[in-house]
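Here are the chains, one letter per residue:
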Amino acid sequence: MAGASIATFPWLCLTVFFGPDQAYTNDHITYQNRMMTWWGLLEAVELLAEIAMFGIAAGGLFWLVAASGVKGRSPVAGHPSRGSMGGNDRLDACCF
């Protein structure tokens, strides 16, 4: 759900706070005199629901990838907490 809200929030702000003087979609008036009509509200809800579904899918994919790591392994191979990097102490001291 976090992915849905993060993906939807900017579009919600754009549709609520910024709009054209007049706009049409499929021969239906969506904005008239800088005010959103009922058809415009329906179009905005449809757009936001579509974006939210993509946000949910992206969040699910993120957690699927993040949780697929092997337990017990260091996230960074060769990190000093896991021991020396093959005896090159100068490189260990320099970079980590």
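Description of the structure in this document. (Residues numbered from 1 in each chain as written. Predicted model: local features only at pLDDT ≥ 70, side-chain atom pairs only at ≥ 80, totals over all residues. Heavy atoms only, no water.)

**Describing the overall build of the protein chain**
Then comes step 1: When its secondary structure is counted, the protein chain shows 3 helices and 3 strands.
Then comes step 2: Along the chain direction, N to C, the helices and strands of the protein chain fall in the order α-β-β-β-α-α.
Then comes step 3: Per-residue burial for the protein chain yields a buried fraction of 15% across its 96 residues. (Helix = DSSP H or I, 4+ residues; strand = E, 2+ residues; numbered from the N terminus. Buried < 20%, exposed > 50% of the residue type's maximum accessible area, 1.4 Å probe, protein only.)

**Focus: a nonpolar patch on the surface**
Then comes step 1: On the surface, a nonpolar cluster with roughly 840 Å² of combined accessible area is contributed by Phe9, Trp11, Leu12, Leu14, Val16, Phe17, Phe18 and Leu47.
Then comes step 2: Examining the composition of the nonpolar patch, we find that 6 residues originate from one element, helix α1 (residues 2-17), more than from any other.
Then comes step 3: Relative to the elements of secondary structure, leucine 47 occurs in helix α2 (residues 38-66).
Then comes step 4: Residue classification places leucine 47 among the partly exposed residues on the basis of a relative accessible area of 34%. (Patch = residues over 30% accessible without salt bridge, like charges linked within 9 Å, V, L, I, M, F, W, Y side chains within 5 Å. Areas by Shrake-Rupley, 256 points an atom, 1.4 Å probe, with all protein chains shown as cover. Salt bridge = Lys/Arg side-chain N within 4 Å of Asp/Glu carboxyl O.)

**So, α2**
Then comes step 1: Over its 29 residues, α2 extends 41 Å from the first C-alpha to the last, a length consistent with the 42 Å expected when each residue adds 1.5 Å.
Then comes step 2: Buried residues of α2: Gly40, Ala44, Leu48, Ile51, Ala52 and Gly55, and no others.
Then comes step 3: Check the buried side of α2 and you find it contacts α1, β2 (28-32) and β3 (35-36). (Expected span 1.5 Å × (residues − 1). Contact = heavy atoms within 4.5 Å.)

**Concerning the side chain of threonine 8**
Then comes step 1: Relative to the helices and strands, threonine 8 is located in helix α1.
Then comes step 2: Owing to a relative accessible area of 14%, threonine 8 belongs among the buried residues under this scheme.
Then comes step 3: Other than its neighbours up to four places away in sequence, threonine 8 contacts Leu48, Ile51 and Ala52.

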